Protein chains: 2
Amino acid sequence: MELTERKKKVLRSIVDLYIRTAEPVGSKAIAELPDMNYSSATIRNEMADLTTLGYLEQPHTSAGRIPSAAGYRLYVDELMADYRLSIDEAHSINTAIEEKMQRVDKMMEKVAKLVSQATDLPAISVASRRGGTTVKRFDLILAGSGSFILVLLLSTDEVVNKLIKLPLHIAESDLKLLGAVLNATLTGLAPEEITGELLERIMNSAESAATLVPVIVDFTTETLRRSGTTNMAVAGQARLLQQPEYRNIDKAQKMLTTLDEDALSNLPAVMQNANGTKVLVGPEHVAQELKDTSVVMTKFDIGDGLQGMIGVVGPTRMDYAKVTARLSYFAESLSKMFAKPEQQSLPEGKEE
Amino acid sequence: MELTERKKKVLRSIVDLYIRTAEPVGSKAIAELPDMNYSSATIRNEMADLTTLGYLEQPHTSAGRIPSAAGYRLYVDELMADYRLSIDEAHSINTAIEEKMQRVDKMMEKVAKLVSQATDLPAISVASRRGGTTVKRFDLILAGSGSFILVLLLSTDEVVNKLIKLPLHIAESDLKLLGAVLNATLTGLAPEEITGELLERIMNSAESAATLVPVIVDFTTETLRRSGTTNMAVAGQARLLQQPEYRNIDKAQKMLTTLDEDALSNLPAVMQNANGTKVLVGPEHVAQELKDTSVVMTKFDIGDGLQGMIGVVGPTRMDYAKVTARLSYFAESLSKMFAKPEQQSLPEGKEE
DNA sequence: CTTAGCACTCAAAGGGTTAGAGTGCTAAGA
DNA sequence: TCTTAGCACTCTAACCCTTTGAGTGCTAAG
């Protein structure tokens, strides 16, 4: 049996309607749609066919049909109508994004919140490093007799620092010397390349080095390690409960717990090689917990060697067209925003 | 009518039992408790009295009694048995805390997660600044021909920085000069004290100052403002759904939404003058949304002029004794931990 | 002052019936 | 050959009615 154009049209209508109502769709409802010029009996036959083809399912004999995973897949890949953002929608997304954002982690929180608001579903946003990070440059700034500031300029152009206080006097000259040594030996190294042997050599370089070096190096390796870590935020969990399929508390709880834990942290991996917006329909998931949940996600570019991803989690019956459109637009706007670095540094822009 | 010892005992038993079962408590159940040497009829009379006194409520005629807000209040203030942490519990809290924590915001997330785990309820944790922050010292580090690093040492001993790139050449001598001027004029000032007049004076100090100063000052004031902001994290929202009173989706959703938004950010204000662990029973709340919810919270000391607060949100029927005990212990352990600053800087402590 | 006993109340659970939405199939019509 | 009106059939959800039993307040006796 082949998928005729009419079958596709019927399937699309069913998915559309089901997305709106969350109720099984009957033949009559479809037959009554404006541009459906067939009787309910004809639709009924088509629906029977679509069911044997595996695109529809029947909760029970006397209920309407609901799309199967395969049905959603086909819908997402082929049938779904382009959702064009209204000017209002685009505008509200834009103004939301334009609020300045500061550090990456704070930013991911903010982005997740915005995405969740825009889609009315729980959202996740992840920032992850593309390659290994190294230190480009060390600076030691004296900040009092027993304290100094360690400043690291990373290969990502991120700057990290730490105020270090020690119970001993530190000479400015020592710091200068030590700084030079650090820059000579440790720049460009991955954390695992910083060996004990290397350290000993540095230790002998300056008077107070023996005490300072371990502290400095510990902080450095820790920073490098953490910098490779992905940074993830979840927002709007509560919105899940609006969806009729999560009115069942146990289901909702399971889902929320999954969101709470990092069960989703492997999602970015799925995006690794993909481009554009990707839809994962229920049973296609790796994680068992997400069986009747779909995820829509997109990559965007943060710059500084950071890879961003935003995603939305919802029932398999979610408004794919709308969600996909908003998400893509969001990702695009974010990428654009990060492409203009001054926008970040100069918070307001038009001050006196 | 007076609150006799026996009445108190009955009330305590009722609250205890209700906390365990979440079901209205009947006279028979109380009468059958091990150390209750009265018949159900007697208990019944006592319960009737407690009801007219306002400590108990009756959902309907033929149901048992549940504690009223006043009942919980009395329970928390007077009747509740001390909950002693078992060695296991204390141990697991300790090891959880000992994992090193890095920046304040990340830390608050972690703490919230830990508290939520320890109490099996949603938790919030807030860090807020006690006084206004100022800049103690500016440093400008050249980092390439068109870029430099701005390092601020704040009055809180926190260090903040930013890599600034500009489309123009910057001379090292200019930076030095500008740094000196900044240190001379802007240190110790609150953001609102940095006026346009002051800026103009600085602008004339060095060649490229006109371009650099706005960027630097914008970042500085922004940082100072943000530093005064409270930093809050919520964790374990999903656990709320375990509680029978939140099996009602609408209620759960309202509550989760409240947690999602910052409706709780005014809670720390309540703690301002209080000390130790504080319990807010349902209707005593300022926020309308929290009417049938209790909050248990405690302050702890982060150091660096930061004030921490951890809190737990749950049904009015929550195990106050247990929650209070765990929270207090948590706060104490955290305060202790922050009192030893080296523990933070030296991640492991016993390396080589 | 305590308690056994009893009549009374009322929510919750069980059971049976009904309504109606939706189906598949058949046979007539285009 | 495709479409559609018509009809018998299915099955859930809603409704109503009844029963059950936990819990109460009151009374009167110990």
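Predicted model, so just to flag it, every value in this text is computed and none were measured.

Caption draft 1: Geometry of the pattern of salt bridges. The final tally for this structure, using the stated rule, is 30 salt bridges over all chains. The salt bridge partner of Asp250 of chain B is Arg247 of chain A, with a shortest N-O separation of 3.1 Å. Of this pair, Asp250 of chain B sits in helix 10 (residues 249–260) while Arg247 of chain A is found in the loop between strand 7 (231–235) and helix 10 (249–260), placing the two residues in two different chains. Take Asp250 of chain B: its relative accessible area is 44%, and that puts it in the partly exposed class.

Caption draft 2: Up close: the relation of the copies chain B and chain A. Rotating chain B by 180 degrees and moving it 0.2 Å along the rotation axis overlays it on chain A with an RMSD of 0.3 Å. Read as a symmetry element, the transformation amounts to a two-fold axis. When the interface residues of chain B are mapped onto chain A, 98% of them again fall at the interface, so both copies present the same face.

Caption draft 3: Structural detail: the interface of chain B and chain A. Chain B puts 48 residues into the contact, and the matching count from chain A is 48 residues. Both faces considered, chain B and chain A share a buried interface measuring about 4,300 Å² in area, 53% of it formed by carbon and sulfur atoms. In this assembly, chain B and chain A are joined by two salt bridges. It is helix 10 of chain B that provides the largest number of residues to the side of chain B that touches chain A, a total of seven residues. Its residues placed into classes, the side of chain B that touches chain A shows 18 nonpolar, 10 polar and 20 charged.

Caption draft 4: Structural view of the protein's contact with DNA strand C. Near DNA strand C, the surroundings consist of 20 residues, among which Ser27 of chain A together with Arg6, Thr42, Thr61 and Ser62 of chain B are the closest. Each atom of DNA strand C within 4 Å of the protein belongs either to a base or to sugar and phosphate, the latter forming 78%. One of the backbone nitrogen or oxygen atoms of Ala63 of chain A is found 3.4 Å away from a sugar or linking oxygen of DNA strand C. Side-chain polar atom of Arg65 of chain A to a phosphate oxygen of DNA strand C: 2.9 Å apart, as the coordinates give it. When residues of the surface near DNA strand C are traced back to their parent elements, those giving at least two are helix 3 (40–52) of chain A together with helix 3 (40–52) of chain B. Looking at which element gives the most residues to the surface near DNA strand C, the answer is helix 3 of chain B, with four residues. A class-by-class count of the residues in the surface near DNA strand C yields four nonpolar, 12 polar and four charged.

Caption draft 5: Structural context of the protein's contact with DNA strand D. With respect to spatial proximity, 21 residues lie near DNA strand D, and among them Arg6, Thr42 and Thr61 of chain A together with Ser27 and Arg65 of chain B are the closest. Residue Arg44 of chain A places a side-chain N or O atom 3.1 Å away from a base oxygen belonging to DNA strand D. The contact in question runs from a phosphate oxygen of DNA strand D to an N or O atom on the side chain of Arg65 of chain B, over 2.9 Å. If you list the elements that add at least two residues to the surface near DNA strand D, you get helix 3 of chain A together with helix 3 of chain B. No other element matches the four residues that helix 3 of chain A contributes to the surface near DNA strand D. Tallied by class, residues from the surface near DNA strand D come to four nonpolar, 13 polar and four charged.

Caption draft 6: Expanded view of the pairing of strand 9 (residues 293–303) of chain A. Residues and elements named next belong to chain A. With eight of 11 residues buried, strand 9 is to be regarded as a mostly interior element. Inspection of the sheet shows strand 8 (residues 277–280) paired to strand 9 by four bridges, in the antiparallel sense. Within the sheet, the bridge partner assigned to Leu280 lies in strand 9 and is Val295. Taken together, the 10 bridges between strand 9 and strand 10 (residues 306–315) define a ladder with antiparallel strand orientation. Looking at strand 10, one finds that Thr293 is bridged to Pro315.

What counts, and at which threshold
Residues numbered from 1 in each chain as written. Chains lettered and ligands numbered in written order. Predicted model: local features only at pLDDT ≥ 70, side-chain atom pairs only at ≥ 80, totals over all residues. Heavy atoms only, no water. Salt bridge = Lys/Arg side-chain N within 4 Å of Asp/Glu carboxyl O. Helix = DSSP H or I, 4+ residues; strand = E, 2+ residues; numbered from the N terminus. Buried < 20%, exposed > 50% of the residue type's maximum accessible area, 1.4 Å probe, protein only. Least-squares fit on C-alpha atoms with pLDDT ≥ 70 in both. Contact = heavy atoms within 4.5 Å. Buried area = accessible area lost by both parts, 1.4 Å probe. Nonpolar A, V, L, I, M, F, W, Y, C, P; charged D, E, K, R; others polar. Near = heavy atom within 4 Å. Polar contact = N/O pair within 3.5 Å; in protein donor to acceptor, adjacent residues only side chain to side chain. Pairing = 2+ DSSP bridges.

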